[in-house]
Amino acid sequence: MHLREFIECCNDLVRCSEDSPQAWRWVVEGDHSYICMKKRELTCVLQTKQCDAVQDEHFAELNLEADPACASKSGILSRMVLYEYHVVYNESYAVPMLLFNIYDEGGSRLDLEEAWDVLKIGDSVDTSAKYHAVTMVHHPIVFRPYLSLHPCKTPELLDSLSHSANAVLSFLTTYGPYVNLRQDDLAASLLRTIGVQ
């Protein structure tokens with residue numbers, strides 16, 4: 001994919017989503033630009049909490065493992081999070097690249113393990129492959145840590161979708177659901193705009 005095609009595809013996404021609550025918009029940073037979309041969502045995470053037991057062979061009363069107050073507690077934790085998605089052009093692979101961050105209600109960025117929990121990566125990816133699925137990278141334009149889907153398989157995907165009406169949208173509808181980004185409404189809107197039934 002050439003940069004010119006990437007820009008045209010992103011322009012279509014920005015135009016077709018402008019009336020949506022989850023609208024894509026262009027962000028310009030110096031000589032570089034990318035599209036960005038933010039959404040708030042209530043998410044549920046399975047939480048397991050264990051009491052920190054103190055181990056000391058000289059003071060048996062400090063061994064709290066058998067204490068019922070220190071039993072494992074698990075439950076579902078609901079919390080509001082903010083997803084921030086960026087689509088940038090990756091010059092090395094000549095493909096779109098999806099970068100994102102997840103923030104808690106207080107505005108703190110979730111770390112990699114917390115993001116895996118929120119995204120339920122373990123449900124769709126083998127535990128040993130987590131680091132290959134979603135990783136932490138430095139954003140090539142804003143130079144801050146962002147989560148990323150590595151772009152190494154994207155050229156193959158785009159080659160298989162060579163007749164797509166919008167390659168960036170095809171990329172997002174294929175990989176987006178893994179990171180809680182669904183673009184079905186946008187895809188339908190874009191197809192109506194260009195007259196595809």
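Preceding this section is the structure that the text describes.
Attention here is on the structure that accompanies the text. (Residues numbered from 1 in each chain as written. Predicted model: local features only at pLDDT ≥ 70, side-chain atom pairs only at ≥ 80, totals over all residues. Heavy atoms only, no water.)

Side note on the pattern of salt bridges
And step 1. Per the counting criterion, the structure on display carries two salt bridges.
And step 2. Residue Asp12 is joined to Arg15 by a salt bridge in which the shortest nitrogen-to-oxygen separation is 3.0 Å. With Asp12 and Arg15 both in helix α1 (residues 3-17) and three residues apart, this pair spans about one turn of that helix.
And step 3. Between Glu41 and Lys39 there is a salt bridge; the shortest N-O distance is 3.4 Å.
And step 4. With relative accessibility at 26%, the residue Glu41 sits in the partly exposed group. (Salt bridge = Lys/Arg side-chain N within 4 Å of Asp/Glu carboxyl O. Helix = DSSP H or I, 4+ residues; strand = E, 2+ residues; numbered from the N terminus. Buried < 20%, exposed > 50% of the residue type's maximum accessible area, 1.4 Å probe, protein only.)

Some remarks on the side chain of His139
And step 1. Note that His139 resides in the loop between β5 (134-138) and β6 (145-149).
And step 2. Here Val142 takes part through its backbone nitrogen, which lies 3.2 Å from a polar atom of the side chain of His139.
And step 3. Setting aside chain neighbours within four positions, we find His139 in contact with Tyr34, His86, Val88, Leu99, Arg144 and Tyr146. (Polar contact = N/O pair within 3.5 Å; in protein donor to acceptor, adjacent residues only side chain to side chain. Contact = heavy atoms within 4.5 Å.)

Structural notes on unusual backbone geometry
And step 1. In the Ramachandran plot, Phe143 falls in the positive-phi region, its phi being about 55 degrees despite a non-glycine side chain.
And step 2. Along the chain, Phe143 turns up in the loop between β5 and β6.
And step 3. One non-glycine residue, Asn180, lies in positive phi territory at about 65 degrees.
And step 4. As for its placement among the helices and strands, Asn180 is situated in the loop between α6 (167-175) and α7 (184-194).

Considerations on the packing of aromatic side chains
And step 1. Inspection of the entire model under this criterion finds four aromatic pairs.
And step 2. Ring pairing ties together the aromatic residues Tyr83, Tyr85 and Phe100, which thus form one cluster.
And step 3. When the ring centre of Tyr83 is taken as reference, the NZ or CZ atom of Lys39 above it lies at 5.3 Å. (Phe/Tyr/Trp six-rings, centres within 6.5 Å; stacked < 30°, edge-to-face > 60°. Lys NZ or Arg CZ within 6 Å of the ring centre and 35° of its normal.)

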